[in-house]
Amino acid sequence: MDPIRNPYAPGAGQRPPELAGRDIEVRQFEVVLERVAAGRPERSLVLSGLRGVGKTVLLNTLRSQAIKRAWGTGKIEARPDQSIRLPIAQAMHTAMRELGHRHRDDDRVDQFSAVLKAFALRTAQNDRKGIRWHPPVDVAAAKGRADSGDLEMDLIELFADAADLANDLSVGVGLFIDEMQDISADDLSALCAACHEISQQSAPLVVVGAGLPHLPAVLSASKSYSERLFRYIRVDRLAREACDRALMVPAESEDVRYDEEALDELYAQTDGYPYFVQAFAHATWDHAPTSPITIKDVAVAAPEASRELTVGFFGSRYERATPAEREYMRAMAELGIGVDDGSVPTAEVATTLNRKPQSLSPARDGLIKKGLVFSAERGTVAFTVPHFGKFLRTRTA
C-alpha cells in the first residue's frame, strides 16, 4: 500500500479520520450547547478514562462543536503543582478574542479585558515560571473586580463577566480542561465553587474537563456537591462494531477493504483501545501489499506496531519511574495476572514485596503524581495505561 495514502493517525491527541463510538457523547453536547445558549439550566461535563481511549480527542471535538456554534472557547492542560489562575486567564483571553471582534460595543469588550488583566496579575511569581503569555496590555487593569487574590471569588467574577459578554451575542463560553486530575486540591475546590455559583445564575458558561478514571472521586473529595454539579461521561475502549468502523471507513475512502479475519485479528490485538487501533492499523496498512487487507498482513505488521508501542507508549512512561516505583509496578503487574490488570489491593502489593505498606507510600504517591497509576477506591491501585501490566511482565520475563 502507498504509505503516503495511509489514513490512520496514531498520534497523541490526534483526531482519527473516523471518530467511531463517540456519537452519543457528541449528540449530548450538542444539546448542552443549545440549552445553555437558550438560557436553560445545564451541567458542566467531565470525561474520564484510561490513557489511550481518546479523551483528549473527544475534548477537542466538543470544543470544535462549540466553536461552530460561535461560542467563545479556551483550553488549558493542567499541570501538577501549578496554579490554574494564569492558564485560565490565557484560555479566557482566547475565548474573548473569538467573541470580541463580533461584539458591537468596544467599551464592553475593553471592560472585560480590564477585569481579565486584573485577574491575571494576581498570579504569584512562582506560578509564572514557564509561561510567556502576558495579559492584554492595551487596557488598564480593573480595580475591585476579580483581583481579590481569593481564587474562588475571582473566578466567579471573571466567569460572570465573560458569560455576560457572550450573552450579548446569544452564545456562551466554554472552558476546556485536559488532565483535570492534576489541578491542586485548593484550586479544584475554587473551580468547582465557581462553576456552582455560575450554574445557579444560569449564566452561559460551561466547563468541560477530561482526566484519568479517578477524576470523579477527586472532584467529589473537593466539593461534595460535585456529584451533582457535573455530568460524568466514562470514555472507554471501542465496542467491536465501532472498532470496525474506525478501521474500515478511512480505508474505504482510499478504496481499500479488510477481510473479516483481518478485522477479527486487529480487534484481538488492540482490545478496542483507540490509540492501539490507530497504531496497528497504521502499521498494517504500510505492510499490506494490496487490497483487501488480510490476516496475514496483520500478522506481519503486529510485531512492528508492538515495538512502537513498547518504545513510545509504554517505554517512555516506564523510564520516568524511579527504581523503587518500577519495583512497585512490577508487583502490581504480577498481581494483575488474570484480572485484566485491573485494580489490585495495596496490601497485596506490600505482601508481594515483603514490605510494610507504610514503607511503600512514597513509591505509590510518586506513581500517582506521575500519572502512571491511580486509586479509584481507598486501598487499591491500578495502571492508568491499558496493557501496561502485560508490558511489564514481558519486560521482566
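The written sequence of each chain sets the order in which its residues are numbered from 1. Two thresholds apply to this predicted model, a pLDDT of at least 70 for residue-level local features and 80 or more for giving and counting side-chain atom pairs, whereas whole-chain, interface and lining totals are computed over all residues. Only hydrogens and water are removed before side-chain values are computed, so all heavy atoms of the structure are retained for them.

1. Some details on the UniProt feature "domain: Cytochrome c" (unreviewed entry) in the protein chain
Here's step 1: Under the feature "domain: Cytochrome c" (unreviewed entry), the UniProt entry names residues 167-318.
Here's step 2: Taken as a whole, residues 167-318 contains 60% helix and 12% strand, while its terminal C-alpha atoms sit 47 Å from one another. UniProt positions are given in the numbering used here, feature names are shortened, and annotations may be inferred rather than shown by experiment. Think of it this way: any DSSP run of H or I at least four residues long counts as a helix, any run of E at least two long counts as a strand, and we number them from the N terminus.

2. A short note on the sheet that holds strand β1 (residues 44-48)
What links the strands of a sheet is backbone hydrogen bonding, and the strands pair in either a parallel or an antiparallel sense.
Here's step 1: Overall, parallel pairing links the five strands, which are arranged β2-β3-β4-β1-β5 in an open sheet. Two strands bound the open sheet, and with one partner strand each, they are β2 (72-77) and β5 (230-234). Here the strands of the sheet are splayed against their neighbours by 15° on average, with no regard to which way each runs.
Here's step 2: Both strand β3 (residues 173-178) and strand β4 (residues 205-211) contribute to a ladder of five bridges, which runs parallel. Bridging across to β4, Gly174 finds its partner in Val206. Strand pairing is defined by DSSP finding a minimum of two bridges between the two strands. Working convention: axes come from line fits to C-alpha atoms, limited for helices to the stretch in contact. Angles between N-to-C directions cover 0 to 180 degrees.

3. Some remarks on the packing of aromatic side chains
Here's step 1: Only centres within 6.5 Å qualify two rings of Phe, Tyr or Trp (six-membered ring in Trp) as a pair; their planes then separate them into stacked at under 30 degrees, edge-to-face at over 60, and tilted for everything else. Counting across every chain of the model gives 13 aromatic pairs.
Here's step 2: Note on Tyr8 and Trp285: the rings are 6.4 Å apart at their centroids and 70° apart in plane angle, and the pair reads as edge-to-face. In this pair, Tyr8 is assigned in the segment before α1 (23-37) and Trp285 in helix α11 (residues 274-287), connecting sequence segments 277 residues apart. Per residue, the accessibility class of Tyr8 equals that of Trp285, and both read buried.
Here's step 3: Residues Phe230 and Tyr232 carry aromatic rings whose centres are separated by 6.2 Å and whose planes lie at 65° to one another, so their mutual orientation is edge-to-face.
Here's step 4: Grouped by ring-pair contacts, the aromatic residues Tyr273, Tyr275, Phe276, Phe313, Phe314, Tyr318, Phe383, Phe388 and Phe391 constitute a single cluster.
Here's step 5: For a Lys NZ or an Arg CZ to count as sitting over a ring, it must be within 6 Å of the ring centre and within 35 degrees of the ring normal. A cation over a ring is seen here: Arg85 above Phe119, with NZ or CZ 4.7 Å from the ring centre.
Here's step 6: One residue, Arg317, lies across the ring of Phe313, its end atom 4.8 Å from the ring centre. Think of it in three bands: residues with accessible area under 20% of the maximum for their type are buried, residues over 50% are exposed, and the middle band is partly exposed, with areas taken using a 1.4 Å probe on protein chains only.

4. Some words on the pattern of salt bridges
Here's step 1: Here a salt bridge means any side-chain nitrogen of Lys or Arg lying within 4 Å of a carboxyl oxygen belonging to Asp or Glu. All chains considered together, the criterion is met by 22 salt bridges.
Here's step 2: Glu18 is the partner of Arg245 in a salt bridge, and the nearest nitrogen-oxygen pair spans 2.6 Å. Pair noted here: Arg245 is in helix α9 (residues 240-252) and Glu18 is in the segment before α1, with a separation of 227 residues, a long-range link.
Here's step 3: Overall, Arg245 belongs to the partly exposed group, its relative accessible area being 26%.
Here's step 4: Put simply, Arg245 and Asp23 hold a salt bridge, and the shortest N to O gap is 3.3 Å. Linking Arg245 in helix α9 with Asp23 in helix α1, this pair joins segments that are 222 residues apart in sequence.
Here's step 5: Here the salt bridges do not stand alone but share partners, grouping Arg240, Asp244, Glu260 and Asp264 into one network.

5. Thoughts on the pairing of β4
Here's step 1: Judged by how many residues are buried, β4 sits mostly within the fold: seven of seven residues are covered.
Here's step 2: Here β4 shows no split at all, with Leu205, Val207, Gly209 and Gly211 on one side and Val206, Val208 and Ala210 on the other all buried.
Here's step 3: Strand direction decides the pairing type here: β1 and β4, joined by four bridges, are parallel. Of the residues in β4, the one forming a bridge with Leu45 is Val208.
Here's step 4: Viewed along the sheet, the connection from β3 through helix α6 (residues 185-200) into β4 turns out right-handed. Handedness of a crossover: with both strands directed away from the viewer, a clockwise path from the first strand across the helix to the second marks it as right-handed.

6. Overview of the nonpolar core
Here's step 1: By nonpolar core we mean a set of buried residues, namely Ala, Val, Leu, Ile, Met, Phe, Trp, Tyr and Cys, connected to one another through side-chain atoms within 4.5 Å. Ile88, Phe159, Leu191 and Tyr258 are the most contacted members of the largest nonpolar core, which totals 130 residues.
Here's step 2: The element contributing the most residues to this core is helix α5 (residues 151-167), with 10 residues.

7. Describing the sheet that holds strand β7 (residues 373-374)
Here's step 1: The strand order β6-β8-β7 describes an open sheet built from three strands, whose pairing is antiparallel. Each end of this open sheet is capped by a strand with a single partner; those strands are β6 (344-345) and β7.
Here's step 2: Bridge count for β7 against strand β8 (residues 380-383) is two bridges, and the pairing is antiparallel. Pairing of Phe374 across the sheet is with Ala382, part of β8.
Here's step 3: Note on definitions: a residue-residue contact is assigned when non-hydrogen atoms from the two residues lie within 4.5 Å. Against the sheet, helix α13 (residues 323-335) engages β6, β7 and β8, with an angle of about 90° to β8.

8. Quick notes on the environment of Asp178
Here's step 1: Relative to the helices and strands, Asp178 resides in strand β3.
Here's step 2: The class of Asp178 is buried, set by a relative accessible area of 5%.
Here's step 3: Residues Asp178 and Thr56, 122 residues apart in the sequence, show an inter-C-alpha distance of 6.8 Å.
Here's step 4: Among all residues touching Asp178, those that are not within four sequence positions of it are Thr56, Leu59, Lys75, Ile76, Glu77, Ala78 and Ala210.

9. Brief notes about the packing of α13 against helix α15 (residues 361-369)
Here's step 1: Packing of α13 against α15 leaves a shortest axis separation of 9 Å and a crossing angle of 90°. Classified by the interaxial angle, the pair formed by α13 and α15 is roughly perpendicular. The residues of α15 that touch α13, namely those facing Ala324, Glu325, Tyr328 and Met329, are Ala363, Arg364, Gly366 and Leu367.
Here's step 2: Side-chain classes are defined by residue name, with Ala, Val, Leu, Ile, Met, Phe, Trp, Tyr, Cys and Pro counting as nonpolar, Asp, Glu, Lys and Arg as charged, and the others, Gly among them, as polar. Considered class by class, the residues forming the contact of α13 with α15 number five nonpolar, one polar and two charged. Our angle categories are set so that under 35 degrees counts as roughly parallel, over 145 as roughly antiparallel, 65 to 115 as roughly perpendicular, and the remainder as oblique.

10. Overview of the packing of α1 against helix α2 (residues 55-68)
Here's step 1: Running from amino to carboxyl end, α1 crosses α2 at an angle of 35°, the nearest separation of the two axes being 10 Å. Where α1 crosses over α2, the handedness of that crossing is right-handed. Residue-level contacts link Glu25, Val26, Phe29, Glu30 and Leu33 of α1 to Leu58, Thr61, Leu62, Gln65 and Ala66 of α2. A clockwise turn of the near helix away from the far one marks a right-handed crossing, whereas an anticlockwise turn of less than a right angle marks a left-handed crossing.

11. Let's talk about the environment of Glu42
Here's step 1: Structurally, Glu42 is set in the loop between α1 and β1.
Here's step 2: Counting along the chain gives 23 residues from Glu42 to Leu19, while the straight-line C-alpha distance between them is 25 Å.
Here's step 3: Residues contacting Glu42, with those up to four places away along its chain left out, are Val32, Arg35, Val36 and Arg231.
Here's step 4: For the purposes of these results, a polar contact is taken to be a pair of N or O atoms within 3.5 Å, where, inside protein, one atom must be able to donate a hydrogen and its partner to accept one; residues adjacent in sequence count only when each atom of the pair is a side-chain atom. Within the structure, Glu42 has its side chain in polar contact with the side chain of Arg35 (distance 3.1 Å).

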